[in-house]
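# Structural features, examined
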Amino acid sequence: MEVKDANSALLSNYEVFQLLTDLKEQRKESGKNKHSSGQQNLNTITYETLKYISKTPCRHQSPEIVREFLTAMKSHKLTKAEKLQLLNHRPMTAVEIQLMVEESEERLTEEQIEALLHTVTSILPAGPESEPKRNPDDAMGDDEDAA
Amino acid sequence: MFVLVEMVDTVRIPPWQFERKLNDSIAEELNKKLANKVVYNVGLCICLFDITKLEDAYVFPGDGASHTKVHFRYVVFHPFLDEILIGKIKGCSPEGVHVSLGFFDDILIPPESLQQPAKFDEAEQVWVWEYETEEGAHDLYMDTGEEIRFRVVDESFVDTSPTGPSSAEATSSSEELPRKEAPYTLMGSISEPGLGLLSWWTSS
C-alpha cells in the first residue's frame, strides 16, 4: 500500500458526519454482511465517530449554511485552518476566538472580534447542548442582542 | 480534525465474490483493511471516501482471485498542530490527564501543560488546578467524564509492526507480554485562557 498524499484535503466535521450517516443508511439497506467479523472495525469506528460528531454543532449544518458561512468569512481574512475551526466549534465567546485565531490581538480589533462572533452565531445553527438564544458571556458588556 | 488521504493499493477479490459489483467488493475490502486502524505517519483511518481510479484487474497463475490496483481517498483522523479539540477526561494519573474522543483514546496532557499551578491529589487520583482569586485559592478538580477543551501540541507515531525472531530471544522470559504501545498518541495542552474544562469558562 502506498500513500500518495497524506494531506490532500481538510474535511469539516459536517462533511464527515454526512458521509458516515450516508454510509450507515447504505449498510442498513444491504443488511446481511453487517455482522461479519471483517466489518466489525468499520462498525465500531463509524458508531463512535458519529456519536462524537453528533454532540458538536455540526449536526445541524447543511451545505448552504457552510457556503454562506465561508462567503461571510471572506472579509475577515482568516486562514483555512482558522475558518475550519470556527466552523467545527462555533465559538460563542471572545476567549474561544482568541484560541482559534492565531495572534488575534494583533490581527483583529475588539469590534472585529465582535463582528466575527456575531457572524458565527448568526449563520451557524446552535449545537444540541446549548440553548439557541444564549447571550455571549464575554466581559465586554455588549448590548447587541444575540440574533 | 479529519483529512482526506490519497492512497493506492492492490485489492484481492476472491472468486466467490465475483458476482458482486467490483466497486462494492473493493470498498468492503478497503474498509476491512483500514477502518479503525492507524497508518504510520498518516493517522487513524475512519472510512473510505471514494474510489478515484480502478486499474485493470489481473488473475495470477495459481490464485483464482482477481487483483486490482485501486486509487482511492480515505477519511483519516489527523488533527493539525495547534488545533483546538473538545474531549472527555478519561482519567488522571501522575503522568498527566488522559483524554478521550470516543473514537480515539490516546491523548495525554502532561502535568507541565496544565493550567498552573496544578497539583495531583493522591487520595482521589485527580489533577487539581489551584486557581487564585482575591477571595483565596479555588481548587478546580479535573474529574472523569468532564468535557475538556485542549490544544494539540504534539503527536507521535510508533511503528508497531512485528519485529523479527532475534529480538524475541533478547527479552527475558519473565515478561510474558511486551508493553503494548499505542501506535498514535497526541499530546495536549490546556495552559491558555479558554482551555480546560468547559465548565470553567462558561458562566451558566
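Calculation notes
- Residues numbered from 1 in each chain as written.
- Chains lettered and ligands numbered in written order.
- Predicted model: local features only at pLDDT ≥ 70, side-chain atom pairs only at ≥ 80, totals over all residues.
- Heavy atoms only, no water.
- Buried < 20%, exposed > 50% of the residue type's maximum accessible area, 1.4 Å probe, protein only.
- Helix = DSSP H or I, 4+ residues; strand = E, 2+ residues; numbered from the N terminus.
- Arc of directions from axis to C-beta.
- Contact = heavy atoms within 4.5 Å.
- Domains from an automatic or database assignment.
- Buried area = accessible area lost by both parts, 1.4 Å probe.
- Salt bridge = Lys/Arg side-chain N within 4 Å of Asp/Glu carboxyl O.
- Polar contact = N/O pair within 3.5 Å; in protein donor to acceptor, adjacent residues only side chain to side chain.
- Axes fitted to C-alpha atoms, helices over the stretch in contact; angles between N-to-C directions.
- Parallel < 35°, antiparallel > 145°, perpendicular 65-115°, else oblique.
- Left-handed = near helix turned anticlockwise from the far one by under 90°.
- Pairing = 2+ DSSP bridges.

### Describing helix H3 (residues 63–73) of chain A
Residue and element names in this part refer to chain A. Those residues of H3 that fall on the buried side of the exposure criterion are Ile65, Val66, Phe69 and Met73. Each buried residue of H3 sits inside an arc of 100 degrees when the element is viewed along its axis, so together they form one side. What points out from H3, more than 90 degrees from its buried face, is the exposed set Glu64 and Arg67. Against the buried residues of H3 lie helix H1 (13–29), helix H4 (80–89) and helix H7 (110–123).

### Looking at the domain arrangement of chain B
All names here are of chain B. In terms of domains, chain B is made up of domain 1 (2–77) and domain 2 (83–162 + 175–200). The gap between the C-alpha centroids of domain 1 and domain 2 is 36 Å. Domain 1 puts 10 residues into the contact, and the matching count from domain 2 is nine residues. When the two sides are added together, the surface that domain 1 and domain 2 hide from each other amounts to roughly 760 Å², 84% of it contributed by carbon and sulfur. Looking only at domain 1, the three residues that lose the most surface to domain 2 are Val38, Tyr40 and Phe77, adding up to 64% of its buried area. For the pair domain 1 and domain 2, the interface holds zero salt bridges. Counting across the domain 1 and domain 2 interface gives zero residue pairs in polar contact (both at pLDDT 80 or more). Every element with two or more residues in the side of domain 1 that touches domain 2 is listed here: strand E2 (38–39) and strand E3 (43–59). The leading source of residues in the side of domain 1 that touches domain 2 is E3, at three residues.

### Points about the packing of H1 of chain A against helix H2 (residues 40–54) of chain A
Two measures define how a pair of helices packs: the angle their axes make with one another and the distance between the axes. Residue and element names in this part refer to chain A. Here H1 crosses H2 at 135 degrees, and the two axes come no closer than 10 Å. Classified by the angle between their axes, H1 and H2 sit oblique to one another. The interaxial crossing formed by H1 with H2 has left-handed handedness. In this structure, H1 contributes Asn13, Val16, Phe17, Leu20, Thr21, Leu23, Lys24 and Arg27 to the contact, and H2 contributes Leu42, Asn43, Thr46, Thr49, Leu50, Ile53 and Ser54.

### Here we look at the sheet that holds strand E9 (residues 126–133) of chain B
All names here are of chain B. If you trace the three strands from one edge of the open sheet to the other, you get E8-E9-E10, paired in antiparallel fashion. Unpaired on one side and paired on the other, strand E8 (118–121) and strand E10 (136–141) mark the two borders of the sheet. Geometrically, the sheet is characterised by an average inter-axis angle of 35 degrees between neighbouring strands, direction not taken into account. Here six bridges tie E9 to E10, and the two strands are oriented antiparallel to one another. Bridge pairing in E10 links Glu130 to Asp139.

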